[in-house]
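Residue-level structural notes
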Amino acid sequence: MKRRIFLLLIGLIFIFDCFADEQRSQSKFESKNGEYSIKYQKKKWILTDKKGSVRYKLKDFGFTSMTILVSDNGQNIVVINDYIEGHKIGKKNALWLYQKGKLLKSYKLTELINDTCNVAQSIWHTNWSYGNFEFTDNLNHFSLTTYELSEILFDLTTGQIISNRKPTGFDSNCLIVFGEFRKGKENYATMKILKYIAGVIQENNKVSFRTRTYGAGLWRELLMIKNGIDITPDKYRGNIYLNTCLNE
């Protein structure tokens, strides 16, 4: 009984966290090395170095509610609309890539995800990315992962997408699904599939698999299952929650 109460409390905390809808506003962002910062002033974003010298300015497109990354050399700016206001996606932009103050390219959310149902919605916002935003390869590239487990790599000299692929191990025999399953002491479970991201539709929307990751209890997770084995990258476990267009 105590264990059930504990699991219920954990579930309620998780649900509250997913659907909390606090307004997000930030007017200043810094590079990781602290050498550069960008600040919102009079409908513009102004990039300065550590000495306070202005390097360039960007026009604002509602960026205070978004995430802005500044490269350590101050040349690249990436803006991610990772907390989209409202539920109507339409033609809303999700990403802007700048180099030395000039816009290289912007992307609509519909250009980064295959299905606009593969998102999480709170009362007033839409989340679509895992949040692993980072500059790579000597600041020449930028990467992110969507809730579809699409790992997308961008060229910061052109703004173009270099690659868009699923995690290592994914192939035609693989499922990426969101669903609910109950696990006991054995390393075996059957998921009721609530949402398909990739793979073949399963009979009765159920899939049985083996996993050594989860303890006894009821779980709702996004999993990558191949030949009956859970091969989900650990970094994504417990971090992606879908709640739209579910098979319920």
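Everything that follows concerns the structure shown earlier in this document.
What comes next is a walk through the structure.

The rules we used
Residues numbered from 1 in each chain as written. Predicted model: local features only at pLDDT ≥ 70, side-chain atom pairs only at ≥ 80, totals over all residues. Heavy atoms only, no water. Salt bridge = Lys/Arg side-chain N within 4 Å of Asp/Glu carboxyl O. Helix = DSSP H or I, 4+ residues; strand = E, 2+ residues; numbered from the N terminus. Buried < 20%, exposed > 50% of the residue type's maximum accessible area, 1.4 Å probe, protein only. Pairing = 2+ DSSP bridges. Axes fitted to C-alpha atoms, helices over the stretch in contact; angles between N-to-C directions.

**Some details on the pattern of salt bridges**
- Counting across every chain of the model gives eight salt bridges.
- Ionic pairing is found between Lys50 and Glu35, a salt bridge with its closest N-O pair at 4.0 Å. Note that Lys50 is positioned in the loop between β3 (44–49) and β4 (54–59) and Glu35 in the loop between β1 (28–30) and β2 (36–41), a separation of 15 residues in sequence.
- For Lys50, a relative accessible area of 62% corresponds to the exposed category.
- Given the relative accessible area of 34%, Glu35 is considered partly exposed.
- When the shortest N-O distance is used, the salt bridge between Arg237 and Asp234 registers 2.9 Å.

**Focus: the sheet that holds strand β11 (residues 125–127)**
- The strand order across the open sheet built from three strands is β7-β11-β10, with neighbouring strands paired in antiparallel fashion. At either margin of the open sheet sits one strand with a lone partner, and together these are β7 (84–85) and β10 (120–121).

**As for the sheet that holds strand β12 (residues 134–136)**
- As summarised here, the arrangement of the four strands in space is β12-β13-β14-β15, forming an open sheet in which the pairing is antiparallel. A single partner strand is all that each edge strand has here, and the edge strands are β12 and β15 (161–165). Between one strand and the next, the sheet's axes are offset by a mean angle of 25°, whatever the strand orientation.
- Of the strand pairs in this sheet, strand β14 (residues 151–155) and β15 are connected by four bridges, and their pairing is antiparallel. Across the sheet, the residue bridging to Leu153 is Ser163, located in β15.

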